[in-house]
Amino acid sequence: MRWNILRNTVIIILLILVVGLIGFKYKKDTNPIYSATVTGRSMVPTFNPDDKIRIDTEYYKKYSPEVDEFVAFNSPDTDVLTVKRVKGIYGDVIMIEERAIYINDILKVEGDIRIKPFFELNTPHEIPIDHIFVLGDNVSNSTDSRDFGFINNNQLIGRVIK
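Residues numbered from 1 in each chain as written. Predicted model: local features only at pLDDT ≥ 70, side-chain atom pairs only at ≥ 80, totals over all residues. Heavy atoms only, no water.

J.: Honestly, the sheet that holds strand 7 (residues 106–110) in this entry has me stumped. Any pointers?
T.: Reading across the sheet, the four strands line up as 7-6-5-8 and stay open at both edges, with antiparallel pairing between neighbours. The two strands at the open ends of the sheet, each matched to only one other strand, are strand 7 and strand 8 (125–126). Note that strand 6 (residues 100–103) and strand 7 share four bridges and pair antiparallel. The residue bridging Ala100 from the neighbouring strand is Glu110, located in strand 7. (Pairing = 2+ DSSP bridges. Helix = DSSP H or I, 4+ residues; strand = E, 2+ residues; numbered from the N terminus.)

The following block contains the structure:
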């Protein structure tokens, strides 16, 4: 009889510990806010090197990216966490000229935009479904959609919170 009471007590204590550890791990792993530090200059003046940012990793599971939101993703070129501004979404038409970027025939960026290899100049490119076009705010010093093309929405890590 004593053995049964001791055995049941040990089992209950072990169950409490296991459930407690699983619960703690579950809570820790599901925090939707991820913190990061900016290292590059492609988003200056909005984000400067050493700025702290927060990334909501759940946001794009419910919502689609919108123009002018800041998104985080792993760069297709380097697989490094990257932050850029959404400039175009599904259905928008991008056209890059020597010193200008047009979106839906509206001038969006002008000046020293550096010609990039991905898009053919003076040719309209429609953004496909579930994709976005991103640029760095420091457009003359940014690796972005002009280099690696459109970003698939399922590549997004999350929405950057200022």
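Picking up where we left off.
J.: What exactly am I supposed to notice about the sheet that holds strand 9 (residues 131–135) here?
T.: The strands that make up a sheet pair up through hydrogen bonds in the backbone, lying either parallel or antiparallel. Reading across the sheet, the seven strands line up as 1-2-11-3-4-9-10 and stay open at both edges, with antiparallel pairing between neighbours. Edge positions in the sheet fall to strand 1 (33–37) and strand 10 (151–152), since each of these pairs with one other strand and no more. Two strands pair when backbone bridges link them, and strand 2 (residues 52–56) and strand 11 (residues 156–161) are joined in this way by three bridges, in the antiparallel orientation. Paired with Arg54 across the two strands is Ile161, which belongs to strand 11.

J.: Would you take a moment to explain the packing of aromatic side chains for this structure?
T.: Ring pairs (aromatic) are described by centroid distance and by the angle formed between their planes. Considering all chains together, one arrives at eight aromatic pairs under this definition. Measuring from ring centre to ring centre gives 5.8 Å for Phe119 and Phe133, while their planes differ by 65°; the resulting arrangement is edge-to-face. Residue Phe119 is located in the loop between strand 7 and strand 8, and its partner Phe133 is located in strand 9; the two are separated by 14 residues in the primary sequence. Comparing Phe119 with Phe133 shows no difference in burial state: the two are buried. Three or more aromatic residues joined by ring pairs make a cluster, and in this case those are Phe118, Phe119, Phe133 and Phe150. (Phe/Tyr/Trp six-rings, centres within 6.5 Å; stacked < 30°, edge-to-face > 60°. Buried < 20%, exposed > 50% of the residue type's maximum accessible area, 1.4 Å probe, protein only.)

J.: Honestly, the environment of Val134 in this entry has me stumped. Any pointers?
T.: Position of Val134 among the secondary structure elements: in strand 9. Judged by its relative accessible area of 0%, Val134 is buried. Between the C-alpha atom of Val134 and that of Lys84, which follows or precedes it by 50 residues, the distance is 5.8 Å.

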